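Observations on the three-dimensional arrangement
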Protein chains: 4
Amino acid sequence: MKESMHTLKYTRDWHPESIAVDIGSTRVGNGHFLLAAGPCAVESPSQMTAISTYLKETPVGLLRGGAFKPRTSPYAFQGLGEEALILLKEAAGSLKIPFITEVTDVNHLDTIVRYADALQVGSRNMSSYELLKTVARQNLPIILKRGMSATVEEFLFAVEYIADAGNHQIILCERGIRSFDTAFRNVLDLGAVAYLKKQTPFPVIVDPSHGSGRSDLVLSLSLAAVAAGADGVMIETHPNPESALSDGPQSLDPAAFDNWWHQVEALARHLGHNI
Amino acid sequence: MKESMHTLKYTRDWHPESIAVDIGSTRVGNGHFLLAAGPCAVESPSQMTAISTYLKETPVGLLRGGAFKPRTSPYAFQGLGEEALILLKEAAGSLKIPFITEVTDVNHLDTIVRYADALQVGSRNMSSYELLKTVARQNLPIILKRGMSATVEEFLFAVEYIADAGNHQIILCERGIRSFDTAFRNVLDLGAVAYLKKQTPFPVIVDPSHGSGRSDLVLSLSLAAVAAGADGVMIETHPNPESALSDGPQSLDPAAFDNWWHQVEALARHLGHNI
Amino acid sequence: MKESMHTLKYTRDWHPESIAVDIGSTRVGNGHFLLAAGPCAVESPSQMTAISTYLKETPVGLLRGGAFKPRTSPYAFQGLGEEALILLKEAAGSLKIPFITEVTDVNHLDTIVRYADALQVGSRNMSSYELLKTVARQNLPIILKRGMSATVEEFLFAVEYIADAGNHQIILCERGIRSFDTAFRNVLDLGAVAYLKKQTPFPVIVDPSHGSGRSDLVLSLSLAAVAAGADGVMIETHPNPESALSDGPQSLDPAAFDNWWHQVEALARHLGHNI
Amino acid sequence: MKESMHTLKYTRDWHPESIAVDIGSTRVGNGHFLLAAGPCAVESPSQMTAISTYLKETPVGLLRGGAFKPRTSPYAFQGLGEEALILLKEAAGSLKIPFITEVTDVNHLDTIVRYADALQVGSRNMSSYELLKTVARQNLPIILKRGMSATVEEFLFAVEYIADAGNHQIILCERGIRSFDTAFRNVLDLGAVAYLKKQTPFPVIVDPSHGSGRSDLVLSLSLAAVAAGADGVMIETHPNPESALSDGPQSLDPAAFDNWWHQVEALARHLGHNI
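This is a predicted model, so every value here is computed, not measured.

**Topic: the overall build of chain A**
- A count of helices and strands for chain A gives nine helices and 10 strands.
- A compact globule built from 275 residues should have a C-alpha radius of gyration of about 19 Å, and chain A, at 17 Å, falls within 12% of that.
- Along the first, second and third principal axes, the C-alpha set of chain A runs to 55 × 45 × 40 Å.
- Within chain A, buried positions represent 67% of all 275 residues.
- Partitioning the contacts of chain A with sequence separation of at least 6, the portion at a separation of at least 24 is 68%.
- Averaged over its 23 positive side-chain charges, chain A has a centre that lies 2 Å from the centre of its 30 negative ones.

Encoded structure:
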């Protein structure tokens, strides 16, 4: 009995073929590559208008943006809340793509599900199992980020909490783990991506913005993620990173963003993905 | 402005003297040393009766026990819920000491506060800031455990979330951090304890059970915690560790428990603590 | 004065253009991509004959093989010593490529330099600064592996020990760092590769065999290394990994090796490298 | 056969009782507690005279000091070499205690053994197995420091390299391991000390100076080490830490040193040690 308690159910043994997850009209996985982009935090209407302008006519298939922001300091900017959701909905509408935002507390869920096309569970909450189960019941696609010090086994068990609650629209996201080297915010673990692709049928994407904390490394790590077998890349961008209220140092400015998507798209297509 | 966002408020500058926190009739900190003990998870009436028997007439001032258990695997034992709270209340009553249990989700709070004398926020939830704020509003003492990969600065900022919500009955608990060496479940960071005692006026206790994952190291690490300046030690005990539904390998059996409290009490008294 | 003690000299400020390092007739860096392969340890003439057979007519430009093996246990196989060097020399001769082997002690140097075309300083010795200085004086190209818990800054300072001793034929090798997740032997840090390429003019290669410890992840991580901007990939291969005296689980068998070099070469060429 | 290669020989199974190691007239282990102190690096005659003055008439039983200093940067102070050995010999003579210094390279050995009473192998060299074997043959007591990212198993295997070379005058030294939290230089792993005491019959001491990197934590961690069961504590002290050429922030000044030894001696005696 002990054995079965600790055995993963939702592996390639359960479903040998790769599963594609649809977020609105955007398909992710099983040959469909996702480019997701947006600001760390939604800050203002003008910020979102600027982002919409340079995201337009790119292959980005999912807008991301923070409304309720978990911050290390209680005195730091905590997000615009529902106002951010309204701005994301407008921007996503104008771009004709879906949007995703992070759920940090069950009490925000009712508000969030009125707007969002998909729900993100962030790194800090990967092991908040009650939250996982509640989020799973919303019948929306979920991007689950790996905890910053979670083993791949723990990550896969967190996936089980969602899958076992009946929601199989799951996308895993590697976003870097903690290490002794603080030159970088995190160490992006692409070996985990290659390993996860063998274990789970669900799509696996990569967040190289948090995975390095440095905008000058985002392109190289995005290309590496594509080559490692990821099903998508999700990054942070800001019209003016220096003035960003959070995560400026890892956000691509419009020019870097333009270069980024051209190169990532080209490599993904070369390796046989649809975008 | 940025500066102040990232400055701790509730430090020794704010309150130079050590703060004592009262959990029911048990005082912790500022010279009052806490021995806390109990099972990882409440499993049955007979288990709790057995524990009550050997905790009786010891200096243990706080009973601990898990009712809602966060487990890596969704298929593992998840705790008895409210039934556990009833059993803890009975045992604590017979021992004439207060009891504490972990809050893993806001939806359990109403139930828990009907029984518990103090609330624990566990390592997995140290960065669940919305949970911290909600727990803070219950007007009960809180033991906040350090996240398994949280820096001491992040730990202190998590304390700020509680303190800034108006609750100053806070006890910090070092419980070991993740390292590359998996001979042990965690590495107990007693340097952090010594450092935290200088930074924060709130009591700082140590959990050597999770801090090592091995019952044969719990006594040595408890004594080390006392000598490092901790205000208390919280451990796991079980009448029959081999049959425990969780954390058996790190739980003290009755004989080891008996030796443990005698030695810890003796050293704490020698170093000038009240118990 | 303190400042200058801690400033790197041999950066892109010193030499803005990428430096190519020649190992015999094989050029590495500045557009020239290196495929290096061979056994972890040289074990026997028949093993080396087998390897030579399947390395022939591949783009592998450097043979690697261990002669003096540093092993965690003193009771494990420690390498064939000079006999291994003779076998490597023969194999390299038949393949018409140079070979490299690791130097673990200055007392082996005189023997090694009679045979080897390049010298490797391994992860365990990255901070053995006296060894670095002595190796630097041999006037041979050096592959310096990153210590398993070295920061990138410490890695770059180790490079300085060699460069400042007058040897500028240096190739840096990222080989994975220690983490809390022991599902893998190490975590390959491709963010460090992208960062190092910006800081140092010397070539930077990647060892995905040690970087994962699993042969089934070597191809994906090799491709990721290419995409991240590495100047080469060095892997372990064995005619029969199950019987290998060391590192069998991370060694490619002949079929996997064949698939590996075809895919790595194709991606490297696609991204504009010469091989 | 594989099994035996990876089995430790020199454990409590081999020698159930604790072994005492004699360094000159100073006995360490099996009830004899060691206080070792001295500067990180020997800098000048006046520095050593100052240190000798305040070490006199203390229970310090071993003088430590760096002559050949391994430094991250090749441009940092590298030690005075033989001149340092002469100064250490003089100081130790005036204190009537033995002295120890670190061996970083086999080429320094002949010089060092003309002066030193014991040899230290530092953290960076714990896995320099050839160096371990050579040092072992000098017939002097050895303090072997744990590598900064070595598991306890790797540490114990490094001990085997020395023991198997015939030298059983070994003292293990825990000195902190690397973690994600860079508030401290290292995380002192006292769980490892408790564990090592059960596994190995050789004495185990602790270096809380490197174990924290902060002089204000050295006393607390020294007391914790005593309580955890260590056989000694080795610290860095300097007459004027602000002007120290290396490791100033973790060095005790004379006043702090005076308080330190009184408290450590008192606790060690209380717990039954001879000093």
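Resuming the write-up.
**Quick word on the interface of chain A and chain D**
- Listed per partner, the contact involves four residues of chain A and four residues of chain D.
- For the pair chain A and chain D, the summed buried surface comes to about 350 Å²; carbon and sulfur atoms form 69% of the total.
- If you sort the residues of chain A by the area they bury against chain D, Arg178(A), Phe180(A) and Thr182(A) come out on top, with a joint share of 89%.
- Counting across the chain A and chain D interface gives zero salt bridges.
- Linking chain A with chain D are zero residue pairs in polar contact (both at pLDDT 80 or more), by the criterion used here.
- Taken together, the residues that form the side of chain A that touches chain D break down as one nonpolar, two polar and one charged.

**Points about the environment of Tyr54(C)**
Residues and elements named next belong to chain C.
- Position of Tyr-54 relative to the elements: it lies in helix H2 (residues 45-55).
- Judged by relative accessible area, Tyr-54 falls into the buried class, the value being 14%.
- Between the C-alpha atoms of Tyr-54 and Glu-265, which are 211 residues apart in sequence, the distance is 16 Å.
- Those residues within four positions of Tyr-54 in sequence are excluded, and the remaining contacts are Thr-237, His-238, Pro-239, Leu-252, Pro-254 and Phe-257.
- Only 2.8 Å separates the side chain of Tyr-54 from the side chain of Thr-237, close enough to count as a polar contact.

**What to know about the relation of the copies chain B and chain A**
- Rotating chain B by 180° and translating it 0.0 Å along the rotation axis places it on chain A, where the RMSD comes to 0.0 Å. Here the symmetry operator amounts to a two-fold rotation axis. Residue Ser149(B) of chain B places its C-alpha closer to the rotation axis than any other residue of that unit, at 3.1 Å.
- A shared interface surface links the copies, since 100% of the contact residues of chain B are contact residues in chain A too.

**Some thoughts on the relation of the copies chain A and chain D**
- When chain A is fitted onto chain D, the two copies agree to an RMSD of 0.0 Å after a turn of 180° and an axial shift of 0.0 Å.
- Mapped onto chain D, 100% of the interface residues of chain A are again interface residues, and the two copies thus contact each other with one and the same surface.

**As for the interface of chain B and chain A**
- Counting residues at the interface gives 39 residues for chain B and 39 residues for chain A.
- Between chain B and chain A the total buried area reaches about 3000 Å² when both faces are included, carbon and sulfur atoms providing 52% of it.
- For the chain B face of the interface with chain A, the top three residues by lost area are Thr72(B), Tyr75(B) and Arg178(B), together amounting to 22%.
- Where chain B meets chain A, there are two salt bridges.
- The closest approach of N and O atoms between Glu154(B) and Arg178(A), which form a salt bridge, is 2.5 Å.
- Linking chain B with chain A are 16 residue pairs in polar contact (both at pLDDT 80 or more), by the criterion used here.

**Observations regarding the pattern of salt bridges**
Residues and elements named next belong to chain C.
- Here the structure, examined in full by the defined rule, presents 56 salt bridges over all chains.
- Taking the shortest distance from any N to any O, the salt bridge between Glu-130 and Lys-133 comes out at 3.3 Å. You can see Glu-130 and its partner Lys-133 sitting in helix H5 (residues 129-136), three residues apart, about one turn around the helix.
- Assessed through its relative accessible area of 24%, Lys-133 is described here as partly exposed.

**Focus: the sheet that holds strand S6 (residues 118-121) of chain B**
Residues and elements named next belong to chain B.
- The strand order around the closed barrel formed by eight strands is S3-S4-S5-S6-S7-S8-S9-S10, and the pairing between neighbours is parallel. Pairs of neighbouring strands in the sheet enclose a mean axial angle of 25°, with direction left out of account.
- When strand S4 (residues 62-64) meets strand S5 (residues 99-102), the two strands line up parallel, connected through two bridges. Bridged to Leu-63 within S5 is Phe-99.
- Helix-sheet contacts for helix H6 (residues 152-164) involve strand S7 (142-145) and strand S8 (170-174), and the interaxial angle to S8 is about 160°.

**Thoughts on the packing of helix H8 (residues 215-228) of chain A against helix H9 (residues 254-270) of chain A**
Residue and element names in this part refer to chain A.
- Close contact between H8 and H9 brings their axes to 10 Å; oriented N to C, the two are set at 15°. By the angle between their directions, the pair H8 and H9 is classed as roughly parallel. Judged by the sense of rotation from one axis to the other, the crossing of H8 with H9 is right-handed. On H9, the residues that touch Val-218, Leu-219, Ser-222, Leu-223 and Val-226 of H8 are Asn-259, Trp-260, Gln-263, Val-264, Leu-267 and Ala-268.
- Residue composition of the contact of H8 with H9, grouped by class: eight nonpolar, three polar and no charged.

**What about the nonpolar core?**
- Leu190(A), Leu190(B), Leu190(C), Leu190(D) and Trp260(D) are the most contacted members of the largest nonpolar core, which has 381 residues in total.
- No other element matches the 10 residues that helix H8 (residues 215-228) of chain D contributes to this core.
- With residues up to four places along the chain from it excluded, the contact list for Leu190(D) reads Leu190(B), Leu221(B), Ala224(B), Val206(D), Ala224(D), Ala225(D) and Ala228(D).

**So, unusual backbone geometry**
- Positive phi, normally seen in glycine, also occurs at Glu57(B), with a value near 60°.
- Even without being a glycine, Asn30(C) presents a positive backbone phi close to 50°.
- By the element assignment, Asn30(C) lies in the loop between strand S2 (26-28) and strand S3 (34-38).

**Comments concerning empty space enclosed by the protein**
- If you walk through the whole model with that rule in mind, you get 11 cavities of 30 Å³ or more.
- Its volume calculated, the largest cavity comes out at about 150 Å³.
- When the residues that make up the lining of the largest cavity are grouped by side-chain class, the tally is four nonpolar, eight polar and four charged.
- Estimates place the volume of the second largest cavity at around 120 Å³.
- Forming the walls of the second largest cavity are 15 residues, and the residues nearest its centre are Thr104(C), Asp105(C), Leu131(C), Asp105(D) and Leu131(D).
- Listed by contribution, the elements that provide at least two residues to the lining of the second largest cavity are H5 of chain C together with helix H5 (129-136) of chain D.
- Ranked by residue count, the leading element in the lining of the second largest cavity is H5(C), at three residues.

**What about H5(C)?**
All names here are of chain C.
- Burial analysis of H5 places six of its eight residues in the buried class, which makes it a mostly covered element.
- Along H5, the residues classified as buried are Tyr-129, Leu-131, Leu-132, Thr-134, Val-135 and Ala-136.
- Those residues of H5 that are buried lie in contact with helix H4 (109-113), strand S6 (118-121), strand S7 (142-145) and helix H6 (152-164).

**Considering the pairing of S7(C)**
All names here are of chain C.
- Taking every second residue as pointing to the same face, both faces of S7 are buried, with Ile-142 and Leu-144 on one and Ile-143 and Lys-145 on the other.
- As paired elements, S6 and S7 share three bridges and run parallel to each other. Counterpart to Val-121 in the pairing with S7 is Leu-144.
- Once the chain exits S6 it traverses H5 before rejoining the sheet at S7, and the crossover so formed is right-handed.
- The sheet contact formed by S7 and strand S8 (residues 170-174) spans four bridges and is parallel. Looking at S8, one finds that Leu-144 is bridged to Leu-172.
- In this fold, the crossover linking S7 to S8 by way of H6 has right-handed handedness.

Reading the values: rules and limits
- Residues numbered from 1 in each chain as written.
- Chains lettered and ligands numbered in written order.
- Predicted model: local features only at pLDDT ≥ 70, side-chain atom pairs only at ≥ 80, totals over all residues.
- Heavy atoms only, no water.
- Helix = DSSP H or I, 4+ residues; strand = E, 2+ residues; numbered from the N terminus.
- Rg over C-alpha atoms; globule rule 2.2 N^0.38 Å.
- Buried < 20%, exposed > 50% of the residue type's maximum accessible area, 1.4 Å probe, protein only.
- Contact = heavy atoms within 4.5 Å.
- Lys, Arg positive; Asp, Glu negative; His and termini not counted.
- Charge placed at Lys NZ, Arg CZ, Asp CG, Glu CD.
- Buried area = accessible area lost by both parts, 1.4 Å probe.
- Salt bridge = Lys/Arg side-chain N within 4 Å of Asp/Glu carboxyl O.
- Polar contact = N/O pair within 3.5 Å; in protein donor to acceptor, adjacent residues only side chain to side chain.
- Nonpolar A, V, L, I, M, F, W, Y, C, P; charged D, E, K, R; others polar.
- Least-squares fit on C-alpha atoms with pLDDT ≥ 70 in both.
- Pairing = 2+ DSSP bridges.
- Axes fitted to C-alpha atoms, helices over the stretch in contact; angles between N-to-C directions.
- Parallel < 35°, antiparallel > 145°, perpendicular 65-115°, else oblique.
- Left-handed = near helix turned anticlockwise from the far one by under 90°.
- Core = buried A, V, L, I, M, F, W, Y, C linked by side-chain atoms within 4.5 Å.
- 1 Å grid on protein atoms, 1.4 Å probe; cavity = no way out; pocket = protein on both sides within 12 Å on 5 of 7 lines; lining within 4 Å.
- Points joined across faces, edges and corners; volume = space filled by probe spheres on them.
- Right-handed = clockwise from strand over helix to strand, strands pointing away.

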